[in-house]
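Here's the letter readout for the chains.
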Amino acid sequence: AQKITQTQPGMFVQEKEAVTLDCTYDTSDPSYGLFWYKQPSSGEMIFLIYQGSYDQQNATEGRYSLNFQKARKSANLVISASQLGDSAMYFCAMSWTGSARQLTFGSGTQLTVLP
Amino acid sequence: EAQVTQNPRYLITVTGKKLTVTCSQNMNHEYMSWYRQDPGLGLRQIYYSMNVEVTDKGDVPEGYKVSRKEKRNFPLILESPSPNQTSLYFCASSLLGTGVPYEQYFGPGTRLTVT
């Protein structure tokens, strides 16, 4: 069965520093996608970044990058130059071709950016 | 503006009183889905739909019904709500194609309390 694991319930980072949020996954399907979503205290789910299982390069979107290590089945999110507005819950999620586009979510990491 | 809308955003109801949470998207997406979010559990899929009149169960379908009579709408129905259905509910939609998954767009969420 597919599974997403986020082992960091909470993280703190100083403003302007970089932070890595961990995500490991488990699937036997060769074709899958990995997503990161941000959920601020207001509750909405904001898509950040996507990595396909066949993508050769790590995905990047502005200050967000995804450190994709396929052999280790990890898809860590790196946020560079943290800002106070980055304080939020972050979810790693996976979807795979056999899943009818179901997203399986990890339990999330609460990131707090300190001034 | 491309978006997924949900109504109501907040709802307090009593056990056994039927309710419907509406979901609508304006992106002509084939795929729509409902999730519930509970503390420490991330998001779990309730039901999904691949197209009009095509629906299927997700991981936690008990106590819920859905319908997909139009492509843009995907209401969630609780025939007899119980307190364990108190949760934050998200509707999501995406394109549906072959190969790797597409990003899912989320609605703003509906916070439901059943007393």
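Structure: see above.
All figures in this text were calculated on a predicted structure; none of them were measured in a lab. (Residues numbered from 1 in each chain as written. Chains lettered and ligands numbered in written order. Predicted model: local features only at pLDDT ≥ 70, side-chain atom pairs only at ≥ 80, totals over all residues. Heavy atoms only, no water.)

A word on the side chain of Gln104(B)
Right, on to step 1. Position of Gln104(B) relative to the elements: it lies in the loop between β9 (87-94) and β10 (105-106).
Right, on to step 2. In this structure the side chain of Gln104(B) is engaged in a polar contact, spanning 3.0 Å, whose partner is the side chain of Tyr35(B). (Helix = DSSP H or I, 4+ residues; strand = E, 2+ residues; numbered from the N terminus. Polar contact = N/O pair within 3.5 Å; in protein donor to acceptor, adjacent residues only side chain to side chain.)

Details of the interface of chain A and chain B
Right, on to step 1. If you look at the interface, chain A gives 23 residues, while chain B gives 24 residues.
Right, on to step 2. Seen at the junction of chain A and chain B, the total is 0 salt bridges.
Right, on to step 3. Between chain A and chain B we count 3 residue pairs in polar contact (both at pLDDT 80 or more) in total.
Right, on to step 4. Those elements that place two or more of their residues in the side of chain A that touches chain B are β5 (32-39), β6 (46-52) and β10 (88-96) of chain A. (Contact = heavy atoms within 4.5 Å. Salt bridge = Lys/Arg side-chain N within 4 Å of Asp/Glu carboxyl O.)

A closer look at the nonpolar core
All names here are of chain A.
Right, on to step 1. Formed by 26 residues in total, the largest nonpolar core has its most connected members in Trp36, Leu77, Tyr90 and Leu111.
Right, on to step 2. Those elements giving two or more residues to this core turn out to be β2 (10-14), β3 (19-21), β5, β6, β8 (64-69), β9 (74-79), β10 and β12 (109-114).
Right, on to step 3. For this core, the leading source of residues is β10, giving 5 residues.
Right, on to step 4. In contact with Leu77, other than residues within four places in its own chain, are Val19, Thr20, Leu21, Trp36, Leu48, Ile49, Tyr64, Ser65 and Tyr90. (Core = buried A, V, L, I, M, F, W, Y, C linked by side-chain atoms within 4.5 Å. Buried < 20%, exposed > 50% of the residue type's maximum accessible area, 1.4 Å probe, protein only.)

Re the state of the cysteines
Right, on to step 1. Evaluated as defined, the whole model comprises 2 disulfides over all chains.
Right, on to step 2. One disulfide in the model links Cys23(A) with Cys92(A); its S-S distance is 2.0 Å. One disulfide, between Cys23(A) and Cys92(A), carries an S-S torsion of -60 degrees and so falls in the left-handed class. Of this pair, Cys23(A) sits in the loop between β3 and β4 (24-26) while Cys92(A) sits in strand β10, and the two are 69 residues apart along the sequence. The residues Cys23(A) and Cys92(A) share a single accessibility class, namely buried.
Right, on to step 3. Each disulfide pairs two cysteine sulfurs, and for Cys23(B) the partner residue is Cys91(B), the sulfurs being separated by 1.8 Å. Every disulfide takes its handedness from the sign of the S-S torsion; for Cys23(B) and Cys91(B) that torsion is -70 degrees, giving left-handed. One end of the pair, Cys23(B), is in strand β3 (residues 19-25); the other, Cys91(B), is in strand β9, and 68 residues separate them in sequence.
Right, on to step 4. Of the residues examined, Cys91(B) reaches a relative accessible area of 0% and is grouped as buried. (Disulfide = S-S within 2.5 Å.)

Describing the sheet that holds strand β7 (residues 65-66) of chain B
Residues and elements named next belong to chain B.
Right, on to step 1. Here we have 4 strands laid out as an open sheet, ordered β1-β3-β8-β7, and antiparallel in their pairing. The open sheet has two edge strands, β1 (4-7) and β7, and neither has a second partner.
Right, on to step 2. Of the strand pairs in this sheet, β1 and β3 are connected by 4 bridges, and their pairing is antiparallel. Opposite Thr5, over in β3, you have Ser24 as the bridge partner. (Pairing = 2+ DSSP bridges.)

With respect to the packing of aromatic side chains
Right, on to step 1. One pass over the structure, following the stated rule, counts 15 aromatic pairs over all chains.
Right, on to step 2. Where Tyr25(A) meets Phe68(A), the ring centres are 6.5 Å apart and the plane angle is 20 degrees; that geometry is what we call stacked. You can see Tyr25(A) sitting in strand β4 and its partner Phe68(A) sitting in strand β8, a full 43 residues away along the chain.
Right, on to step 3. Exposure remark for Tyr25(A): the relative accessible area of 4% places this residue in the buried category.
Right, on to step 4. Residues Tyr64(B) and Tyr89(B) carry aromatic rings whose centres are separated by 5.8 Å and whose planes lie at 65 degrees to one another, so their mutual orientation is edge-to-face. Of this pair, Tyr64(B) sits in the loop between β6 (54-57) and β7 while Tyr89(B) is found in strand β9, placing the two residues 25 residues apart along the sequence.
Right, on to step 5. Given the relative accessible area of 5%, Tyr64(B) is considered buried.
Right, on to step 6. Ring pairing ties together the aromatic residues Phe35(A), Tyr37(A), Phe47(A), Tyr50(A), Phe91(A), Phe105(A), Tyr35(B), Phe90(B) and Phe106(B), which thus form one cluster.
Right, on to step 7. One residue, Arg63(A), lies across the ring of Tyr64(A), its end atom 5.7 Å from the ring centre. (Phe/Tyr/Trp six-rings, centres within 6.5 Å; stacked < 30°, edge-to-face > 60°. Lys NZ or Arg CZ within 6 Å of the ring centre and 35° of its normal.)

Topic: the pattern of salt bridges
Residues and elements named next belong to chain B.
Right, on to step 1. Taken as a whole and judged by the stated rule, the model has 5 salt bridges over all chains.
Right, on to step 2. One salt bridge in this structure joins Asp38 and Arg36, with 2.9 Å as the shortest N-O distance. Considered together, Asp38 and Arg36 belong to a single accessibility category, that of buried residues.
Right, on to step 3. Here Asp38 ties to Arg44 by a salt bridge, and the two come within 2.8 Å at their closest N and O atoms.
Right, on to step 4. You can call Asp38 buried: its relative accessible area is 11%.
Right, on to step 5. Assessed through its relative accessible area of 27%, Arg44 is described here as partly exposed.
Right, on to step 6. A single network of salt bridges, built from pairs that share partners, joins Arg36, Asp38 and Arg44.

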